[in-house]
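Coordinates in review
Each chain, written out:
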Amino acid sequence: MLVVGEVEHLLANAHKLGEEIADAEAQSVAMETAQVVVSNPAVIGCELNELELAEWVGVLPLRVRRSRTELPLTGELELRRGDVLSVYGPGESIDKLAA
């Protein structure tokens, strides 16, 4: 299992994940950063924490920009049409999010 997330959260929950093992295949997964424009009606109006992006798609939200203004990245941030969400994760996960 490849685990991606905020360091503080991962360390706080390490006991739930088990022993860390170096895995060359997992370490070779190409991680990418991408910007995704919010346009899906099912997502508009949702709070960021409702989407559970790490669990649902496997990407970590990095920042949100609205009208060229960077917003504080909080779970309560309500997404609006046209917001630009910067995410980090495996390329196939980013493709799934953008689809």
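Residues take numbers from 1 onward in each chain, read along the sequence in its written order. It should be noted that, the model being predicted, local features are given only for residues of pLDDT at least 70 and side-chain atom pairs only at 80 or more, the latter also being counted only at that level, while totals for whole chains, interfaces and linings use all residues. Note: side-chain values were computed over all heavy atoms of the structure, leaving out hydrogens and water.

Let us now look at the overall build of the protein chain. Put simply, DSSP H or I for four residues or longer makes a helix, DSSP E for two residues or longer makes a strand, and each gets a number counted from the N terminus. Per the secondary structure count, the protein chain includes six helices and four strands. Starting at the N terminus and ending at the C terminus, the protein chain contains elements arranged as α-α-α-β-α-α-β-β-β-α. Seen through its principal axes, the protein chain has C-alpha atoms that stretch 40 × 25 × 25 Å. Expressed as a percentage of its 99 residues, the buried residues of the protein chain come to 29%. When a residue's accessible area, from a 1.4 Å probe over protein chains only, is under 20% of the maximum for its type it is buried; when over 50% it is exposed; and in between it is partly exposed.

The next subject is the nonpolar core. Grouped together as the largest cluster of nonpolar side chains are 18 residues, with contacts concentrated most on Leu53, Val59, Leu79, Val87 and Leu97. Residue assignment for this core shows that the elements contributing at least two residues are strand E1 (31-37), helix H4 (48-51), strand E4 (84-90) and helix H6 (91-98). Residue types Ala, Val, Leu, Ile, Met, Phe, Trp, Tyr and Cys, when buried and joined through side-chain atoms within 4.5 Å, form a set referred to as a nonpolar core.

The subject of this paragraph is H6. Buried residues of H6: Gly91, Ser93, Ile94 and Leu97, and no others. Buried residues along H6 cover an arc of 160° about the axis, so they all sit on one side. Projecting away from the buried face of H6 at angles above 90 degrees are the exposed residues Glu92, Asp95 and Lys96. The inward-facing, buried residues of H6 contact E1, helix H5 (53-56) and E4. This arc corresponds to the set of directions leading from the helix axis out to the C-beta atoms. In what follows, residue pairs with any heavy atoms lying within 4.5 Å of each other are defined as contacts.

Each pair of strands is called paired provided DSSP finds at least two bridges between the two strands. Taking strand neighbours across the sheet as the criterion, the four strands line up as E1-E4-E2-E3 in an open arrangement whose pairing is antiparallel. Edge strands, defined here as strands with exactly one partner in the open sheet, are E1 and strand E3 (69-71). Taken pair by pair, the neighbouring strands of this sheet meet at an average axis angle of 30°, ignoring direction. Of the strand pairs in this sheet, strand E2 (residues 60-66) and E4 are connected by five bridges, and their pairing is antiparallel. Across the sheet, Val64 pairs through a bridge with Leu85, a residue of E4. Against the sheet, H6 touches E1 and E4, its axis set at about 145° to E4. As a rule, the C-alpha atoms of each element are fitted with a line to give its axis, helices using only the stretch in contact, and angles between N-to-C directions run from 0 to 180 degrees.

Once that is clear, we can look at the environment of Gly82. Within the secondary structure, Gly82 sits in the loop between E3 and E4. Spatially, the C-alpha atom of Gly82 lies 9.3 Å from that of Val36, the residues being 46 residues apart in sequence. With sequence-adjacent residues up to four places away left out, Gly82 is seen in contact with Val37 and Val38.

This part is about the confidence of the model for the protein chain. When pLDDT is averaged along the protein chain, the result is 86; 92% of the residues meet or exceed 70. Confidence of the prediction at every residue is given by pLDDT, a number between 0 and 100. The least confident element of the protein chain is helix H3 (residues 24-27), whose mean pLDDT is 68; the most confident is E3, at 96.

The subject of this paragraph is the pairing of E4. Summarising burial for E4: six of the seven residues are buried, a large majority. Of the strand pairs in this sheet, E1 and E4 are connected by seven bridges, and their pairing is antiparallel. Note on E4: the bridge partner recorded for Ala34 is Val87.

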